[in-house]
Amino acid sequence: MKRILIIGASGQIGSELTPYLRKIYGSDNVIASDCSFPLKGALSEGGPSCKIDATNARDVADAVKKYDIDTIFNLAAILSAKAEANPMLGWNIGVGALLNCLEVAREYKTALFTPSSIGAFGPETPRLNTPQDTIQRPKTIYGVTKVTGELISDYYFQRFGVDTRSVRYPGIISNVTLPGGGTTDYAVEIYYAAVKGEAFGCPLKAGTFLDMMYMPDALDAVVQLMEADPAKLKHRNAFNIASMSFEPEMIYAEIKKHYPDFVMEYKKDEVRQQIADSWPDSMDDSAAREEWGWNPKYNLESMTTDMIAVLKEKLSEK
Ligand code: SER
């Protein structure tokens, strides 16, 4: 990776992946783009940026040509619950944007990373220690786009030699940009509530286990995978990666160690509960560990300590 284009740089992952990659590969070598433009703050001040609507192939091709890109990060996505409210939008962004990126990657011989998700699994998938290669019959449009994405990305690799790679992200917990419209968002929002001294209404019921990951590990995963020796990759689209699995009572108890008076109540959201019930409780990530050395650093306890410290500072500045 030398010249990188990030599509969806203002989103939850992009807003942290962009500065992270700029530090490693040099500010001028990481081009941040988003459909909403101009970009704000560090994203626009820290290096080159441009406007890309990834559903328009021309936008993607022009930027790849102009900046001499060798690796595209396609982070454009509509998360699971939001996509249920507008399935066509979910499909057009999830699959339409990816097809454009694949075609541009083929033409200009770039590598391509597009995240997949725990959402690529469904109720027929084994829930515990979900295998790398298993049944994938998701019931959400988000999941349908993710499975389609995995298949078409493998196809472009096998048929045209495009260097496509991907991970199945769990719910990602971060403190810079809030996710929006996802099923796992509660595990971010709960920290904001605790630090602000507010009660939290949890949309998922007690006992709903889901895989989660702290952003620093999610960022490491991308670089490790994209820099991995291709000869060692038996899989490509997409690797299970996991670092922790918890249910609402567990994150609540962990936060209460820092804020003993913090209150969480249950305010069930039917759509999100149904989606969460169709996803794995915990994934087996041994293929990622074996093929490219995946080795996450954070667990629920260390993530909670860090999240609270960062949010305390961030929210007191406002
Ligand atoms: N975080 C996503 C969601 O909840 C799953 O990948 O939709």
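Our subject is the structure listed above.
Basis of the calculations
Residues numbered from 1 in each chain as written. Predicted model: local features only at pLDDT ≥ 70, side-chain atom pairs only at ≥ 80, totals over all residues. Heavy atoms only, no water. Core = buried A, V, L, I, M, F, W, Y, C linked by side-chain atoms within 4.5 Å. Buried < 20%, exposed > 50% of the residue type's maximum accessible area, 1.4 Å probe, protein only. Helix = DSSP H or I, 4+ residues; strand = E, 2+ residues; numbered from the N terminus. Contact = heavy atoms within 4.5 Å. Near = heavy atom within 4 Å. Polar contact = N/O pair within 3.5 Å; in protein donor to acceptor, adjacent residues only side chain to side chain. Areas by Shrake-Rupley, 256 points an atom, 1.4 Å probe, with all protein chains shown as cover. Axes fitted to C-alpha atoms, helices over the stretch in contact; angles between N-to-C directions. Parallel < 35°, antiparallel > 145°, perpendicular 65-115°, else oblique. Left-handed = near helix turned anticlockwise from the far one by under 90°. Nonpolar A, V, L, I, M, F, W, Y, C, P; charged D, E, K, R; others polar. Pairing = 2+ DSSP bridges. Salt bridge = Lys/Arg side-chain N within 4 Å of Asp/Glu carboxyl O. Right-handed = clockwise from strand over helix to strand, strands pointing away.

(A) Fine view of the nonpolar core. Counting residues in hydrophobic clusters, the biggest one holds 42 residues, and the most contacted among them are I173, Y186, Y191, F246, I251, F262 and M303. A total of nine residues in this core trace back to one element, the largest contributor, which is helix α7 (residues 186-196). Among residues more than four places away in sequence, those in contact with Y191 are I173, I251, I255, L300, M303, T304, M307, I308 and L311. With 35 residues, the next largest nonpolar core counts F113, V167, A218 and V223 among its residues.

(B) Quick peek at the site of the ligand. Lining the immediate surroundings of the ligand are L79, S80, S117, Y142, G182, T183, T184 and W279. One of the side-chain nitrogen or oxygen atoms of S117 is found 2.6 Å away from an oxygen atom of the ligand. Here Y142 contributes a side-chain N or O atom positioned 3.0 Å from an oxygen atom of the ligand. Considered on its own, the ligand offers 240 Å² of accessible surface; in the complex 93% of this is hidden by protein.

(C) The arrangement of the packing of helix α1 (residues 14-25) against helix α8 (residues 215-227) in detail. Where α1 contacts α8, the two axes come as close as 10 Å, and the packing angle between them is 50 degrees. Taken together, the axes of α1 and α8 lie oblique to each other. Of the two possible hands of crossing, α1 and α8 adopt the one that is right-handed. In this structure, α1 uses E16, L17, Y20, L21, I24 and Y25 to contact α8, whose residues at the interface are M215, L219, D220, V222, V223 and E227. Taken together, the residues of the contact of α1 with α8 sort by class into nine nonpolar, no polar and three charged.

(D) Structural context of the sheet that holds strand β6 (residues 116-117). Spatially, three strands are ordered β6-β8-β12 in an open sheet, and the strand pairing comes out parallel. Of all the strands in the sheet, the pair left with one neighbour each is β6 and β12 (239-240). Here β6 runs beside strand β8 (residues 167-169); their pairing, made up of two bridges, is parallel. Directly across from S116, in β8, lies its bridge partner R168.

(E) Representation of the sheet that holds strand β11 (residues 210-214) within the structure. Ordered in space as β9-β11-β13, the three strands form an open sheet in which the pairing is mixed. Looking along the sheet, the strands with just one partner apiece sit at the ends: β9 (171-173) and β13 (244-246). This sheet shows a mean twist of 40 degrees between the axes of neighbouring strands, independent of strand direction. Judged from the three bridges that link them, β11 and β13 form a sheet pairing that is antiparallel.

(F) Spotlight on the pattern of salt bridges. For the structure shown, the criterion picks out 12 salt bridges. A salt bridge links D269 to R272; the shortest N-O distance between them is 2.9 Å. Ionic contacts of the salt-bridge type, sharing partners, join the residues D163, R165 and R236 into one network.

(G) Molecular detail of the pairing of strand β1 (residues 4-7). On β1, burial covers both faces: I4 and I6 on one face and L5 and I7 on the other are all buried. Bridge count for β1 against strand β2 (residues 30-34) is four bridges, and the pairing is parallel. Note that in β2 the partner of I6 across the bridge is A32. With respect to chirality, the unit in which β1 leads through α1 into the neighbouring parallel β2 is right-handed.

(H) Structural view of unusual backbone geometry. Looking along the chain, the bond that leaves F37 and enters P38 is cis, with omega of 0 degrees. Residue placement: P38 occurs in the loop between β2 and α2 (41-45). Phi is positive for D68, close to 55 degrees, though the residue is something other than glycine. Within the secondary structure layout, D68 lies in the loop between α3 (57-67) and β4 (71-74). For D68, a relative accessible area of 56% corresponds to the exposed category. Notably, K109 is not glycine yet its phi reads approximately 55 degrees, a positive angle.

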